[in-house]
Amino acid sequence: MMGDVVTAAGMLLALLCILTAAWAASRFLGRRFGTPSSGRSLKVLEQLPLGAGRSLLVVQYHDTTYLLGSSQSEIRLLDKIKAEEESSDE
């Protein structure tokens, strides 16, 4: 009877340790490899799904905005606009 209680308590403690380690690892990895912070220079401004694994993306990198076409097999540059060109178009 007492052996069953010790075994159950040991299993519960082991489960608690595993869950705590998994939580800590996810927090660490989420901070390290998660979404980029606002201080980064690469930003996805818009994404438009077109269906069947295809989408259009508007991506900004420093002072240049890129229009990208994405499919399951490739990402293709469709257009590139420098910041000076954007301001003169308006």
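Just above, that's the structure.
Quick look at the structure, then. Here the structure is a predicted model, which means the values were calculated and not measured.

Quick notes on the rules
- Residues numbered from 1 in each chain as written.
- Predicted model: local features only at pLDDT ≥ 70, side-chain atom pairs only at ≥ 80, totals over all residues.
- Heavy atoms only, no water.
- Helix = DSSP H or I, 4+ residues; strand = E, 2+ residues; numbered from the N terminus.
- Buried < 20%, exposed > 50% of the residue type's maximum accessible area, 1.4 Å probe, protein only.
- Contact = heavy atoms within 4.5 Å.
- Areas by Shrake-Rupley, 256 points an atom, 1.4 Å probe, with all protein chains shown as cover.
- Pairing = 2+ DSSP bridges.
- Axes fitted to C-alpha atoms, helices over the stretch in contact; angles between N-to-C directions.
- Polar contact = N/O pair within 3.5 Å; in protein donor to acceptor, adjacent residues only side chain to side chain.

Regarding the overall build of the protein chain
So, point 1. From N to C terminus, the protein chain includes two helices and four strands.
So, point 2. Order of helices (α) and strands (β) in the protein chain, N terminus to C terminus: α-β-β-β-β-α.
So, point 3. Counting across all 90 residues of the protein chain, residues that qualify as buried make up 9%.
So, point 4. Restricting to contacts in the protein chain with at least 6 residues of sequence separation, those with at least 24 account for 0%.
So, point 5. As displayed, the protein chain has an accessible area near 7,700 Å², and 62% of this comes from carbon and sulfur atoms.

Side note on the sheet that holds strand E2 (residues 54-61)
Sheet strands pair via backbone hydrogen bonds, and the direction of the pair is either parallel or antiparallel.
So, point 1. Reading across from one edge, E1-E2-E3-E4 is the order of the four strands in this open sheet, with antiparallel pairing throughout. Unpaired on one side and paired on the other, strand E1 (42-51) and strand E4 (75-82) mark the two borders of the sheet. The average undirected angle you get between the axes of adjacent strands in this sheet is 15°.
So, point 2. As paired elements, strand E3 (residues 64-70) and E4 share seven bridges and run antiparallel to each other.

Structural notes on the side chain of Thr64
So, point 1. Tracing the sequence through the fold places Thr64 in strand E3.
So, point 2. The class for Thr64 is buried, based on a relative accessible area of 4%.
So, point 3. A distance of 3.4 Å separates the side chain of Thr64 from the side chain of Asp63, its partner in a polar contact.

A word on the pairing of E3
So, point 1. With respect to burial, E3 is a largely interior element, five of its seven residues being buried.
So, point 2. Pairing geometry for E2 and E3, over seven bridges, is antiparallel. Pairing of Tyr61 across the sheet is with Thr64, part of E3.
So, point 3. In this structure, the hairpin formed by E2 and E3 is closed by a connection of two residues, where His62 is found at a positive phi of approximately 55°.
So, point 4. Connecting E3 to the next strand, E4, in antiparallel fashion are four residues.

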